[in-house]
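Chain by chain, the residues:
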Amino acid sequence: MRTTFTDDTSSGTVNIKYLVVNAASTYNILLGRPAINRLGVVASLRHMKIKLPSPEGGVIVIKSDQKAAHKCYENSLKNKPGVSMVATRPPKVEEDSRVEIATDSRSRVLH
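Residues numbered from 1 in each chain as written. Predicted model: local features only at pLDDT ≥ 70, side-chain atom pairs only at ≥ 80, totals over all residues. Heavy atoms only, no water.

Help me understand the overall build of the chain in this model?
Helices and strands together make up the secondary structure of the chain, namely two helices and seven strands. Reading the chain from its N end, one meets helices and strands in the order β-β-α-β-β-β-α-β-β. Within the span of the chain, comprising 111 residues, buried residues form 14% of the whole. Looking at the chain alone, contacts between residues at least 24 apart form 23% of all its contacts between residues at least 6 apart. Here the chain displays about 10,200 Å² of accessible surface, and carbon together with sulfur accounts for 53% of that area. (Helix = DSSP H or I, 4+ residues; strand = E, 2+ residues; numbered from the N terminus. Buried < 20%, exposed > 50% of the residue type's maximum accessible area, 1.4 Å probe, protein only. Contact = heavy atoms within 4.5 Å. Areas by Shrake-Rupley, 256 points an atom, 1.4 Å probe, with all protein chains shown as cover.)

Given below as structure tokens:
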């Protein structure tokens, strides 16, 4: 399938073979190494963007929306059994505090 990557100023089009699966995923698309190599992609997961050369000699930058990605990830976890979402952070524990761990009928104190 001819696939176009664009950042609204420049674009590049390549043929990509897709494998379509019916599976729950937080991703919209997974690009394999052959497509990434053919495109000359440099990906940054930390920055949620990819860069690839344009046919005109420039650089196409495709950015992801971090808030939309986080919302999509949260939604993907809602219907998974055994997965719990934590909405708030636990309170900070002071260094001098003691924690009791109950094991069977005994308990011990950790410092």
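How do you make sense of the layout of surface pockets when you look at a structure like this?
Take a probe with the size of a water molecule and roll it over the atoms, and the empty space left behind shows itself. Here the largest pocket is characterised by a volume of approximately 1,100 Å³. Around the largest pocket, the lining is made up of 25 residues, and of these Y27, I29, L45, M48 and S64 lie nearest the centre. Mapped onto the lining of the largest pocket, the elements with two or more residues apiece are strand 3 (42-44), strand 4 (49-53), strand 5 (59-63) and helix 2 (66-78). Looking at the lining of the largest pocket, the element that brings in the most residues is helix 2, giving six residues. (1 Å grid on protein atoms, 1.4 Å probe; cavity = no way out; pocket = protein on both sides within 12 Å on 5 of 7 lines; lining within 4 Å. Points joined across faces, edges and corners; volume = space filled by probe spheres on them.)

I would appreciate a short explanation of the nonpolar core in the present structure.
Within soluble globular proteins, side chains that are nonpolar tend to cluster in buried spots. Grouped together as the largest cluster of nonpolar side chains are nine residues: F5, V14, I16, A35, L39, V41, I50, L52 and I60. Contributions of two or more residues to this core are made by helix 1 (33-39) and strand 4. Excluding residues within four positions of it along the chain, L39 makes contact with F5, V14, L52 and P53. (Core = buried A, V, L, I, M, F, W, Y, C linked by side-chain atoms within 4.5 Å.)

I would appreciate a short explanation of the sheet that holds strand 3 in the present structure.
Taken in spatial order, the three strands of this open sheet run 3-4-5, and their pairing is antiparallel. Either end of the sheet is taken by a strand with one partner, and the two such strands are strand 3 and strand 5. Each strand of the sheet is rotated relative to its neighbour by a mean of 15°, with strand direction disregarded. Sheet topology places strand 3 next to strand 4; three bridges connect them, and they run antiparallel. Looking across to strand 4, one finds that A43 is bridged to I50. (Pairing = 2+ DSSP bridges. Axes fitted to C-alpha atoms, helices over the stretch in contact; angles between N-to-C directions.)

Sorry, what's going on with the pairing of strand 2 (residues 11-15) here?
Consecutive residues of a regular strand have side chains that alternate between opposite faces of the sheet. Of the two faces of strand 2, the one holding G12 and V14 is buried and the one holding S11, T13 and N15 is not buried anywhere. Bridge count for strand 1 (residues 2-6) against strand 2 is five bridges, and the pairing is antiparallel. Residue pairing across strands places F5 opposite G12, the latter belonging to strand 2. In this antiparallel pair of consecutive strands, strand 1 and strand 2, the connection spans four residues, and D8 shows a positive phi of 75°.

What am I meant to see in the side chain of T3 here?
Assignment of secondary structure puts T3 in strand 1. For T3, the side chain forms a polar contact with the side chain of Y18, separated by 2.8 Å. The contact partners of T3, leaving out residues within four places of it in the chain, are G12, T13, V14, I16 and Y18. (Polar contact = N/O pair within 3.5 Å; in protein donor to acceptor, adjacent residues only side chain to side chain.)

Explain the environment of R2 here, please?
Here R2 is to be found in strand 1. Contact partners of R2, with chain neighbours within four places excluded, come to T13, V14 and N15.

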